Each structure stands twice: as C-alpha cells, then as structure tokens.
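# Structural features, examined
In case you want the letters, here they are:
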Amino acid sequence: MTTICIFSGQKSDSLVRTLLSIFRTKRVLLWREGIGRTKPPLEERADVVILQNPDCRVIPGRCLLIFQQYGGPLPELEWEGNVAVVDSADEKSQEVLKNCGLHTATCGFLSKDMATLSGVADDSLTVSLQRSIPSLYGRTLEPRDIVFPLEEGRDRQGALLAVMAGILCEML
C-alpha cells in the first residue's frame, strides 16, 4: 500500500483531484481530516491511501509527503524511508522542511529542481525529470519528459506536485 500525506496551508482540492486522476487504475482511499471517522481506516484494502491534512499520529512508516504552502509545525515522526515533495518556490514549506533530515524532492522552474515544469498548453503540462532519482520503492527513475493532461480549472502548481508524486510512486 502506498500512503500519500498532504500537508497544506491552503485549499488543496485541485491537488487531490489530480492525484485521484493519476492513481485512477488503483483502489484509492481518500481521507480528509474532520470528515466521518476520527482516524483514517488504514486497515481497509486499498492500493493508495491519500491523507489530507492528517492527524500526525496516524501516519504509517513509509509514505510520500506533499507540502503545499504549509507553515505549521512538522510532526515528530521517524522520517527514514519517507520522501517529501515540495515546490522549490514554496518558502513556507521549505522553512518547515529545512532541518528535519527528510529526503526532499523539489519541483518548479529552477534547473536545480528534480522535476521542472517545462511546457504548458491549454489542456496539458509537460514535466521534465531532470536527473536520475530513486522512486519511493527504491528503483532508479531515469530523466524523461512527461506530458500530463490538465483539466480546465486545475491549479498548475498543485498539478506539478501531484505529477511529481506520481513519478515517485512509479505511476507516470
């Protein structure tokens, strides 16, 4: 099971919708804080669990953490084996992640980013994986370009974070 945790200081519905489209071939369980149960049903059979602004006590050991304009405190967890995805222009999240020792995969417009937004059309965006990186499962992912369909009204920065998550989870 793959667990994706979204830490967001802003409305992240566009990011969640893009993640759901990337993982559409899998059984996905989406859990949002404050809706329904007091904790996510991690014991249910799902290939992918997406936790939106989770209570940090329920985060399992190995997961992908997406940070989007998150200025809150970083949970005190064992970070080994986890990977954070963050926009390199997101100063709030960068400050939170600065000294935690968590492996961080950056995306954005800078040449130092692991993935860059290299092209935008009305209905798609092109993301370039800049260098070889390890996936969440330890396999090496080689540099390449990925054209991703972008539905009307989707936030491009949120879509870029979601595409990077899909790359690291070997879905794209």
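The structure we're discussing is the one just above.
Overview of the structure. (Residues numbered from 1 in each chain as written. Predicted model: local features only at pLDDT ≥ 70, side-chain atom pairs only at ≥ 80, totals over all residues. Heavy atoms only, no water.)

### Quick word on the overall build of the protein
The test is simple: Helix numbering and strand numbering both begin at the N terminus, where a helix is a DSSP run of H or I of at least 4 residues and a strand a DSSP run of E of at least 2. Burial classes follow relative accessibility: with a 1.4 Å probe on protein chains only, a residue under 20% of its type's maximum area counts as buried, one over 50% as exposed, and anything between as partly exposed. Note on contacts: a residue pair qualifies if any of its non-hydrogen atoms lie within 4.5 Å across the two residues. Reported accessibility uses the Shrake-Rupley method at a 1.4 Å probe radius. Residues are deemed covered only where the shown protein chains occlude them.
Within the protein one finds three helices and eleven strands. Going residue by residue from the N terminus, the α and β elements of the protein occur as β-α-β-β-β-β-α-β-β-β-β-β-β-α. Burial analysis of the protein (172 residues in total) assigns 49% to the buried set. Within the protein, contacts between residues separated by at least 24 positions form 49% of all contacts whose residues are at least 6 apart in sequence. Roughly 8700 Å² of accessible area belongs to the protein as shown, and the carbon and sulfur atoms make up 47% of that amount.

### A few points about the nonpolar core
Applied cut-off: Take the buried residues of types Ala, Val, Leu, Ile, Met, Phe, Trp, Tyr and Cys, join any two whose side-chain atoms come within 4.5 Å, and each joined set is a nonpolar core.
Membership of the largest hydrophobic core comes to 37 residues, with the highest contact counts inside it found for L19, L64 and M164. Per-element tally for this core: the top contributor is helix 3 (residues 156-168), with nine residues. Once you skip the residues sitting within four places of it in the chain, M164 turns out to touch V85, A105, T106, C107, M114, A115 and I133. Core analysis: the second largest hydrophobic core is formed by 15 residues, V49, L51, L74 and L102 among them.

### Structural notes on the pattern of salt bridges
For the record, the criterion: A carboxyl oxygen of Asp or Glu within 4 Å of a side-chain nitrogen of Lys or Arg is what we treat as a salt bridge.
Here the structure, examined in full by the defined rule, presents one salt bridge. Two residues, R139 and E170, come together in a salt bridge whose shortest N-O distance is 3.0 Å. Taken together, the residues R139 in the loop between strand 9 (133-134) and strand 10 (140-141) and E170 in the segment after helix 3 connect sequence positions 31 residues apart.

### Here we look at unusual backbone geometry
Positioned with a positive phi, Q69 is a non-glycine residue whose angle comes to about 50°. Checked against the element boundaries, Q69 lands in the loop between strand 4 (64-68) and strand 5 (83-87). The backbone of E170 shows a phi angle near 60°, a positive value even though the residue is not glycine.

### Thoughts on the packing of aromatic side chains
Selection rule: Centre distance within 6.5 Å is the pairing criterion for rings of Phe, Tyr and Trp, where only the six-membered ring of Trp is used; planes under 30 degrees apart are then read as stacked, over 60 as edge-to-face, and the remainder as tilted.
Applying the stated criterion to the full structure yields three aromatic pairs. The interplanar angle of 15° and the centroid separation of 5.1 Å between the aromatic rings of F7 and F67 together place this pair among those described as stacked. Taken as a pair, F7 in strand 1 (residues 2-8) and F67 in strand 4 lie far apart in primary sequence, 60 residues in all. What makes F67 buried here is its relative accessible area of 0%. Each member of the aromatic cluster is reached from another via a ring pair, and the members are F7, F67 and Y70.

### Quick look at the environment of L125
With respect to the helices, strands and loops of the structure, L125 is situated in strand 8 (residues 124-129). When its relative accessible area of 0% is taken as the criterion, L125 is described as buried. Note: C-alpha distance between L125 and P149 (24 residues apart in sequence) is 6.6 Å. Setting aside chain neighbours within four positions, we find L125 in contact with L117, G119, V120, I146, V147, F148, L150, R156, A159 and V163.

### Looking at the environment of T3
Within the secondary structure, T3 is located in strand 1. Between the alpha carbons of T3 and V28 there is a distance of 9.8 Å; along the sequence they are 25 residues apart.

### Some thoughts on the environment of P134
Residue placement: P134 occurs in strand 9. Since its relative accessible area comes to 44%, P134 is described here as partly exposed. Dropping the residues within four chain positions of it, P134 is found in contact with R139 and L168.

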